[in-house]
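Each chain, letter by letter, is given below.
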Amino acid sequence: MTRGLALAGALLVFALLVTANSSGYRYGVSDQAFYAPAVELAAHPTLFPRDRDVLATQTKLWLGDEVLGWLVTTTGVDVPTLFFLFYLVTVAAFAAGAFALARALGADWWTSAAFLTLLTLRHRIARTGANTFEGYMHPRVLAFAVGLAALAFVLRRRWLAGTVLVVVAGVVHPTTAVWFAAAAATMAVVSSVHRTRIVIGLAAVAAIAILVGHRLIAGRLVVMDPAWLAVFADRDYLFAAQWPLYAWITNLLYPVVIIVIARCRRRAGVTVPGEGALVAAMIVLTALFLASVPFTEARLALAVQMQVNRVFWLLDAVATFYLAWWIVGHLAARWPARARTMLVGGLVALAAARGAYVMHGRGALVQVRPPATDWTAALDWLRGQPDTWQVLAAPDHVWRYGANVRIVARKDVLLEVTKDPAIAMYDRRIAMRVGERMAATANFDAFTIDDVRRLAVRFALDVFIEPVDRPFALPVLYRNASFVVYDLRPR
């Protein structure tokens, strides 16, 4: 009972620290520009009659929209609440997976606690477009958590359990699970002395390949042409050859840290069976990244879309464990228990201080729904209008006003530049659609009423939402203190 309460308390502290260091939990931000509408569409098939092709570009690689959409329709829970519950599950799974990996590597309670504390210090993996944690519902993070647990089972040579968890991660987020499958298979091959075990280990890769291969590879062994590339040209992190020197140094430092500290552990006699295989797997992942660079430079679609540079997320986690061991299990190895407890407590205090700094001025730690503003009030009004309406709004309206038209209003929108170009990376046809709309709205802030009318005719727009301080001589459907919704429908 006491141990259970202690673990629950530790999980609560981890949840608070990792959330604060991720700028708080927020619904409807960043990649949820895709996930939230995709789940809404699965639950309510009449939504997004014009944008469903854009959403389908990624939903065909992900099964979660159907599962979460089914939960919405069967339980009556709305999407914001469901996403928050998903986030809580992700936090618990992340802590459990990391703890399982630490224990599988022979870590004591102090080292395990230090490892989890360091993981709460959320940061971006240099030039990869990925963070070590996200302060919102993201299947990629849950898949990563399950993958950590899978590696823990593989370390303990529980091959079947590890393979099953890799498959589960593949269902949650295929392109994240691929790297855990590669790591698990490498570990199985390196640590096995029996041919049967090698076959079981390779099943981790085969399972993922069977699960998503036909969806992932079909039509992607092509070279991206300049028109396709131009749509997401600002995503320069996709092309490692264009990285600045600091990104190469930072990312290639991960395997160096892992190898150096692993040798230190070997000299100290604290390595566990299979640990060398884990280190080998990290080296293989680094080699896979290096091997992918010529293919991304050749603009092979599959290589670009796989974002192989995200293997450094996994290397970051493993390197973080080794740093935690080096600090607590090596430098402080001879310290008395009370001193080691104080050391870990100091790390917790550091994480809490950083979290408080990150959250300063950002409002509540948890926001399950978008904040109530004049912008979201206008979107709430639009939400109650016909599902067939298509909205014209500033292409960068999420950056300007803080909420996404598709998420809050549940309406088709002409263009949303925070997510549409990223989705376009996966399909040339969608990229041409997005590129056309980017060109059509390039001078949006200088639009006259004639520009708006031409755009409305060209793209069959229904309404136009703009701040009140930029008035247009158009019929008004809705107005509040800050925004006006104009009627663009032909009369």
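For clarity, every value in this text was computed on a predicted model and none was experimentally measured.

Student: Before we move on, can you summarise the overall build of the protein chain with the specific residues and values?
Tutor: Along its length, the protein chain carries 22 helices and 9 strands. A globule of 491 residues ought to have a C-alpha radius of gyration of about 23 Å, and the protein chain, at 24 Å, matches this closely. When its C-alpha atoms are laid out on the principal axes, the protein chain stretches across 80 × 50 × 45 Å. Taking all 491 residues of the protein chain together, the buried fraction comes to 54%. Summarising the internal contacts of the protein chain: among those between residues at least 6 apart in sequence, 72% fall at separations of at least 24. Summing over all exposed atoms, the protein chain offers an accessible surface of approximately 20700 Å²; the carbon and sulfur share of this is 65%. Put simply, the protein chain has 47 plus and 31 minus side-chain charges, and the middle of one group is 12 Å from the middle of the other.

Student: For a nonpolar patch on the surface, give the residues involved together with the corresponding values.
Tutor: On the surface, a cluster of nonpolar side chains totalling about 270 Å² of accessible area is made up of Leu160, Val164 and Val168. Checked against the element boundaries, Leu160 lands in helix α8 (residues 159-172).

Student: Got a sec to walk through the pattern of salt bridges? Specific residues and values, please.
Tutor: Under the counting rule described, the total for this entry stands at 25 salt bridges. For the salt bridge of Arg410 with Glu40, the shortest nitrogen-to-oxygen distance reads 3.1 Å. A residue pair is termed long-range when its members are at least 10 positions apart, and Arg410 in the loop between α19 (405-408) and β6 (412-413) and Glu40 in helix α2 (residues 32-43) qualify at 370 residues. A single burial state applies to Arg410 and to Glu40, both of which are buried. In this structure, Arg369 and Asp78 form a salt bridge, with 2.8 Å as the shortest nitrogen-oxygen distance. Here Arg369 is found in the loop between β4 (366-367) and α17 (374-383), whereas its partner Asp78 is found in the loop between α4 (64-75) and α5 (79-104), with 291 residues between them in sequence. Take Arg369: its relative accessible area is 42%, and that puts it in the partly exposed class.

Student: Quick rundown of the packing of aromatic side chains? Include the residues and the values.
Tutor: With the rule as written, the count across this model stands at 30 aromatic pairs. Judged by centre distance (6.3 Å) and plane angle (20°), the rings of Phe14 and Phe94 are stacked. Here Phe14 is found in helix α1 (residues 2-20), whereas its partner Phe94 is found in helix α5, with 80 residues between them in sequence. Phe94 shares its class with Phe14; the two are buried. Aromatic side chains Phe444 and Phe447 sit 5.4 Å apart centroid to centroid with 50° between the ring planes, which places their arrangement in the tilted category. In this structure Phe444 comes out as buried when scored by relative accessible area, which is 3%. These aromatic residues form a ring-pair network of at least three members: Phe14, Tyr25, Phe84, Tyr87, Phe94, Phe133, Phe144, Phe180 and Trp313. A cation over a ring is seen here: Arg299 above Phe239, with NZ or CZ 3.9 Å from the ring centre. The ring of Phe444 carries the charged tip of Arg470 above its face, separated from the ring centre by 5.7 Å.

Student: Residues and numbers for the environment of Val413, please.
Tutor: With respect to the secondary-structure elements, Val413 resides in strand β6. Along the sequence, Val413 and Asp462 sit 49 residues apart, while their C-alpha atoms lie 10.0 Å from each other. Those residues within four positions of Val413 in sequence are excluded, and the remaining contacts are Asp51, Gln390, Val391, His397, Val405, Arg406 and Arg437.

Student: Give a detailed account of the environment of Glu436, specifying residues and quantitative values.
Tutor: The topology assignment puts Glu436 in helix α21 (residues 428-440). Along the sequence, Glu436 and Leu415 sit 21 residues apart, while their C-alpha atoms lie 9.9 Å from each other. Residue contacts for Glu436: discarding those within four places in its chain leaves Arg458 and Phe459.

Student: Which residues make up the sheet that holds β6, and what values go with them?
Tutor: If you walk across this open sheet you meet the 5 strands as β6-β5-β7-β9-β8, and the pairing is mixed. Since the sheet does not close on itself, it has two edges, and those belong to β6 and β8 (476-479), each with one partner.

Student: Describe helix α15 (residues 311-331), with residues and values.
Tutor: Across its 21 residues, α15 extends 29 Å between first and last C-alpha, which sits within 8% of the 30 Å expected from 1.5 Å per residue. In the structure, α15 departs most strongly from a straight axis at Trp325, where the bend amounts to approximately 30°. Of all 21 residues in α15, 16 are buried; the element is thus mostly enclosed.

Student: Give me the lowdown on the side chain of Gln32, citing residues and values where you can.
Tutor: Looking at the secondary structure, you find Gln32 in helix α2. Sequence-distant contacts of Gln32, that is, excluding residues within four places in its chain, are made with Arg26, Tyr27, Pro37, Phe83, Tyr136, Met137 and Ile407.

Student: Pulling in residues and values, what's your account of the environment of Phe115?
Tutor: The topology assignment puts Phe115 in helix α6 (residues 109-119). With relative accessibility at 0%, the residue Phe115 sits in the buried group. C-alpha of Phe115 to C-alpha of Phe99: the two residues are 16 residues apart in sequence and 8.1 Å apart in space. If near-sequence neighbours (up to four positions away) are discounted, Phe115 is found in contact with Ala98, Ala102, Ala317, Thr320, Phe321 and Ala324.

Student: Tell me what's going on with the nonpolar core, and back it up with residues and numbers.
Tutor: Phe83, Leu151, Phe232, Met282, Leu314, Leu379 and Ile465 are the most contacted members of the largest nonpolar core, which totals 145 residues. Every residue in contact with Leu151, bar those within four places of it in the chain, is listed here: Leu101, Phe180, Ala183, Ala184, Met187, Leu278 and Leu314. Ranked by size, the runner-up nonpolar core spans 17 residues in total, among them Leu414, Ala440, Val452 and Tyr486.

Student: Lay out the packing of helix α7 (residues 139-155) against α15 with the relevant residues and their values.
Tutor: One can describe the packing of α7 onto α15 by two numbers: an axis separation of 12 Å at closest approach and a directional angle of 55°. Between α7 and α15, the angle is such that the two are oblique. Note on packing geometry: the crossing formed by α7 with α15 is right-handed. Across from Arg140, Val141, Phe144, Leu148 and Leu151 in α7, the residues of α15 making contact are Trp313, Leu314 and Ala317. Tallied by class, the residues present in the contact of α7 with α15 amount to 7 nonpolar, no polar and 1 charged.

Student: Quick rundown of the pairing of β8? Include the residues and the values.
Tutor: In the sheet, β8 pairs with strand β9 (residues 483-487) via 3 bridges, with the strands oriented antiparallel. Within β9, the residue paired with Tyr478 across the bridge is Val485. Connecting the antiparallel pair β8 and β9 is a turn made up of 3 residues.

Conventions used here
- Residues numbered from 1 in each chain as written.
- Predicted model: local features only at pLDDT ≥ 70, side-chain atom pairs only at ≥ 80, totals over all residues.
- Heavy atoms only, no water.
- Helix = DSSP H or I, 4+ residues; strand = E, 2+ residues; numbered from the N terminus.
- Rg over C-alpha atoms; globule rule 2.2 N^0.38 Å.
- Buried < 20%, exposed > 50% of the residue type's maximum accessible area, 1.4 Å probe, protein only.
- Contact = heavy atoms within 4.5 Å.
- Areas by Shrake-Rupley, 256 points an atom, 1.4 Å probe, with all protein chains shown as cover.
- Lys, Arg positive; Asp, Glu negative; His and termini not counted.
- Charge placed at Lys NZ, Arg CZ, Asp CG, Glu CD.
- Patch = residues over 30% accessible without salt bridge, like charges linked within 9 Å, V, L, I, M, F, W, Y side chains within 5 Å.
- Salt bridge = Lys/Arg side-chain N within 4 Å of Asp/Glu carboxyl O.
- Phe/Tyr/Trp six-rings, centres within 6.5 Å; stacked < 30°, edge-to-face > 60°.
- Lys NZ or Arg CZ within 6 Å of the ring centre and 35° of its normal.
- Pairing = 2+ DSSP bridges.
- Expected span 1.5 Å × (residues − 1).
- Bend = angle between axes of the 7 residues up to and from the residue.
- Core = buried A, V, L, I, M, F, W, Y, C linked by side-chain atoms within 4.5 Å.
- Axes fitted to C-alpha atoms, helices over the stretch in contact; angles between N-to-C directions.
- Parallel < 35°, antiparallel > 145°, perpendicular 65-115°, else oblique.
- Left-handed = near helix turned anticlockwise from the far one by under 90°.
- Nonpolar A, V, L, I, M, F, W, Y, C, P; charged D, E, K, R; others polar.

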